[in-house]
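Spelled out, the chains give:
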Amino acid sequence: MNAETKKMLSAYATKIRMGIIESTYNAKAGHPGGSLSSADLFAYLYFKEMDIDSSNPRWQDRDRFVLSKGHCAPGLYSALALKGFFPVEDLKTLRHIDSYLQGHPNMNTVPGIDMSTGSLGQGISSAVGMAKGAKFIGNDKVRVYALLGDGEIEEGQVWEAMMFANHYKLDNFCAIIDCNGLQIDGACDDVMSSKPVDEKLKAFGFDVAVIDGHNFDELESAFEAFHNSTKPFGIIMNTVKGKGVSFMENQVGWHGKAPNEEEYNIAMAELNARLAEIEEA
């Protein structure tokens, strides 16, 4: 990846993180931790990888993205706003009464949302159905991406969807697992370890890439491998929950808690400093 592209993606990832902090602070609720750990992926998907058109959200030949870990909507909303699907200013209305930006994605109200999600395990089932549907009608242009959490993959329904993807040879489907090591009530290894995730995916018929989910070169290599694969593809991202905000990093308490005013100011100061550093490089 050239330096210009990496700079662009780094700036977008930082702006996505700023949108996460802005929205959860104004909502006084939400899930910043897993949204922040996924911010680099959101930047890569929406500003390099996926074929989408913000002026035509229902374009039939678009790539599809399903946020299976739907509680991380603040990160997805931030990416969509920056991509031009709706005004960035609207991020401040997250979870407010009468706002179209509720705590989990709603495809009926939010431009750019391809599937309503929230109940963990169900998003990937919808995503493999989309991939199968594209195959069924002979649309080879459409790729379908689903983002799951490492806590979410403790759900049995996830693995039923993996079997479906393998059985129907869905080489147009990419499952991305955000392995930040923490879930709502503790470390994944303590609650219900799913390891070894890479070997399980391979056993379910997937080609697999294991990467640093905060490294754009590794993200690029993983998605190039997906494009060249003849199987369903799995990307296992090792990430830091709360990435980009010092006091949130690797802290399980920030799974589902909004920053107060003091914390908001500290977080935004750190992110503004990071953005300035990127832009001056």
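Keep in mind that this is a model prediction, so the values were computed, not measured.

About the thresholds
- Position labels on residues start from 1 in each chain and follow its written sequence.
- Two thresholds apply to this predicted model, a pLDDT of at least 70 for residue-level local features and 80 or more for giving and counting side-chain atom pairs, whereas whole-chain, interface and lining totals are computed over all residues.
- Side-chain measures here rest on the full set of heavy atoms in the structure, leaving out hydrogens and waters.
- Burial classes: relative accessible area under 20% of the type maximum marks a residue as buried, over 50% as exposed, and values in between as partly exposed (1.4 Å probe, protein chains only).
- Each helix is a run of H or I in the DSSP string that is no shorter than four residues. Each strand is a run of E no shorter than two, and both are numbered from the N terminus.
- Strands pair, by our definition, only if DSSP identifies at least two bridges between them.
- Should a side-chain nitrogen of Lys or Arg be within 4 Å of a carboxyl oxygen of Asp or Glu, the pair is scored as a salt bridge.
- Side-chain rings of Phe, Tyr and Trp (the six-membered ring for Trp) are treated as a pair once their centres are within 6.5 Å; stacked means planes under 30 degrees apart, edge-to-face means over 60, and tilted covers the remaining angles.
- Multiplying one less than the number of residues by 1.5 Å gives the expected span of a helix.
- Directions drawn from the helix axis to the C-beta atoms are what define this arc.
- We call two residues in contact whenever any of their non-hydrogen atoms come within 4.5 Å of each other.
- Here an angle of 0 to 180 degrees is reported between the N-to-C directions of two axes, which are lines fitted to C-alpha atoms, with helices fitted over the stretch in contact.
- Definition used in this section: a nonpolar core is a set of buried Ala, Val, Leu, Ile, Met, Phe, Trp, Tyr and Cys residues joined via side-chain atoms within 4.5 Å.

## Quick notes on the pairing of strand S1 (residues 64-67)
In step 1: Side chains Arg64 and Val66 of S1 all project onto a buried face; the interleaved residues Phe65 and Leu67 project onto the opposite face, where all are buried too.
In step 2: Summarising the sheet, S1 and strand S2 (residues 144-149) pair through four bridges and their orientation is parallel. Looking at S2, one finds that Leu67 is bridged to Leu147.

## As for the pattern of salt bridges
In step 1: In the structure shown here, the tally under the stated rule is twelve salt bridges.
In step 2: Between Arg274 and Glu277 there is a salt bridge, and its shortest N-O distance comes to 3.1 Å. One end of the pair is Arg274 and the other is Glu277, both in helix H10 (residues 261-280) and three residues apart, which spans about a single turn.

## Examining the packing of aromatic side chains
In step 1: Counting across every chain of the model gives 13 aromatic pairs.
In step 2: Ring centres of Tyr44 and Phe223 lie 5.3 Å apart, and the angle between their planes is 10°; on these two criteria the pair is classed as stacked. Taken together, the positions of Tyr44 in helix H3 (residues 39-49) and Phe223 in helix H9 (residues 216-228) put the pair 179 residues apart, joining distant regions of the chain.
In step 3: Phe223 gets classed as buried once you look at its relative accessible area, which sits at 1%.

## Digging into helix H5 (residues 122-136)
In step 1: A rise of 1.5 Å per residue sets the reference length of H5, with its 15 residues, at 21 Å; its end C-alpha atoms lie 21 Å apart and thus fit the reference within 8%.
In step 2: Those residues of H5 that sit buried are Gly123, Ile124, Ala127, Val128, Met130, Ala131 and Ala134. One face of H5 carries all of its buried residues, which in axial projection span an arc of 150°.
In step 3: Buried residues along H5 sit in contact with S1, S2, helix H6 (156-167) and strand S3 (173-179).
In step 4: Backbone geometry just after H5 places Gly138 at a positive phi near 75°.

## Points about the sheet that holds S1
Backbone-to-backbone hydrogen bonds pair the strands of a sheet. The strands run either parallel or antiparallel.
In step 1: Read across the sheet, five strands follow the order S1-S2-S3-S7-S6 without closing on themselves; strand pairing throughout is parallel. In this open sheet, the two edge strands, each paired with only one partner strand, are S1 and strand S6 (207-212). Strand-to-strand twist across the sheet, computed as the mean angle between neighbouring axes with direction ignored, equals 20°.
In step 2: Bridge count for S6 against strand S7 (residues 233-238) is six bridges, and the pairing is parallel. Counted as the bridge partner of Ala209 is Ile235 from S7.

## What about the nonpolar core?
In step 1: Tyr46, Phe65, Ile176 and Phe223 are the most contacted members of the largest nonpolar core, which totals 58 residues.
In step 2: Among the elements that take part in this core, helix H1 (residues 3-27) stands out by supplying nine residues, more than any other.
In step 3: For Tyr46, the contacting residues outside a window of four places in its chain are Ile52, Phe65, Leu76, Ala79, Leu80 and Lys83.

Note that all results are geometric; they support no functional claim without further evidence.
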